[in-house]
Amino acid sequence: MKCYETVWEIFNQCPNNQMRDVFIDEIEIEDIEAFLRNKFKGKDVSWEKTAQPDGTMVYDIVASGIWQRYSFTEL
């Protein structure tokens, strides 16, 4: 298993509100996409994956109409 620092951002849907919820954690997982499928199980979900130059994997996610971002940095 690999250990990752994760940053989960949930963007606010309210007009004129730039704030968002941010959660930081360390997790051990085998497969990032399997983790995401389980995390958003039962929701209408799609994502776009981007690899950053430092190796961080960033997933822009829409889950049941809510825009979110998950970043995974291997430790």
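As shown above, the structure is provided for reference.
J.: What should I look at first to understand the overall build of the protein in this one?
T.: Helix and strand counts for the protein stand at 1 helix and 5 strands. Taken from the N to the C terminus, the helices and strands of the protein come in the order β-β-α-β-β-β. Computed over its C-alpha atoms, the radius of gyration of the protein comes to 13 Å, within 12% of the 11 Å expected for a compact globule of 75 residues. Principal-axis analysis of the C-alpha atoms gives the protein an extent of 40 × 25 × 20 Å. When the accessible surface of the protein is split by element, carbon and sulfur atoms take 48% of a total near 5,300 Å². Measuring between centres, the 8 positive side-chain charges of the protein sit 6 Å from its 14 negative side-chain charges.

J.: Just checking my understanding: could you explain the packing of aromatic side chains for this structure?
T.: Working definition: an aromatic ring pair is given by the centre-to-centre distance plus the angle between the planes. Summed over the entire model, instances satisfying the criterion amount to 10 aromatic pairs. Consider the rings of Tyr4 and Phe72, whose centres lie 6.0 Å apart with planes at 90 degrees: the pair is edge-to-face. Residue Tyr4 is located in strand β1 (residues 2–11), and its partner Phe72 is located in strand β5 (residues 66–74); the two are separated by 68 residues in the primary sequence. An identical accessibility class is assigned to Tyr4 and Phe72; each is buried.

J.: Would you take a moment to explain the side chain of Glu9 for this structure?
T.: Considering the arrangement of structural elements, one finds Glu9 in strand β1. Residue class for Glu9 comes out buried when judged on its relative accessible area of 10%. In contact with Glu9, other than residues within four places in its own chain, are Arg20, Asp21, Val22, Trp67, Gln68 and Arg69.

J.: How do you make sense of the side chain of Gln68 when you look at a structure like this?
T.: Inspection of the secondary structure assignment puts Gln68 in strand β5. Look at Gln68 and you get buried, because its relative accessible area is 6%. Of note is the side chain of Gln68, whose polar atom sits 2.7 Å from the side chain of Trp8. Beyond its immediate chain neighbours, meaning those up to four positions away, Gln68 contacts Trp8, Glu9, Ile10, Phe11, Phe40, Tyr59, Asp60, Ile61 and Ala63.

J.: Just to check I follow, could you spell out the pairing of strand β4 (residues 57–63) for this structure?
T.: Where a strand is regular, its side chains alternate between the two sheet faces. Counted residue by residue, β4 has 5 buried out of 7 residues, so it is predominantly covered. Sheet topology places strand β3 (residues 45–51) next to β4; 7 bridges connect them, and they run antiparallel. Bridged to Trp47 within β4 is Ile61. Counted between consecutive antiparallel strands, the loop separating β3 from β4 contains 5 residues, among which Gly55 sits at a positive phi close to 95 degrees. Where β4 lies against β5, 7 bridges are found, and the strand directions are antiparallel.

Rules of the game
Residues numbered from 1 in each chain as written. Predicted model: local features only at pLDDT ≥ 70, side-chain atom pairs only at ≥ 80, totals over all residues. Heavy atoms only, no water. Helix = DSSP H or I, 4+ residues; strand = E, 2+ residues; numbered from the N terminus. Rg over C-alpha atoms; globule rule 2.2 N^0.38 Å. Areas by Shrake-Rupley, 256 points an atom, 1.4 Å probe, with all protein chains shown as cover. Lys, Arg positive; Asp, Glu negative; His and termini not counted. Charge placed at Lys NZ, Arg CZ, Asp CG, Glu CD. Phe/Tyr/Trp six-rings, centres within 6.5 Å; stacked < 30°, edge-to-face > 60°. Buried < 20%, exposed > 50% of the residue type's maximum accessible area, 1.4 Å probe, protein only. Contact = heavy atoms within 4.5 Å. Polar contact = N/O pair within 3.5 Å; in protein donor to acceptor, adjacent residues only side chain to side chain. Pairing = 2+ DSSP bridges.

In short, shape yes, function no, at least from these values alone.
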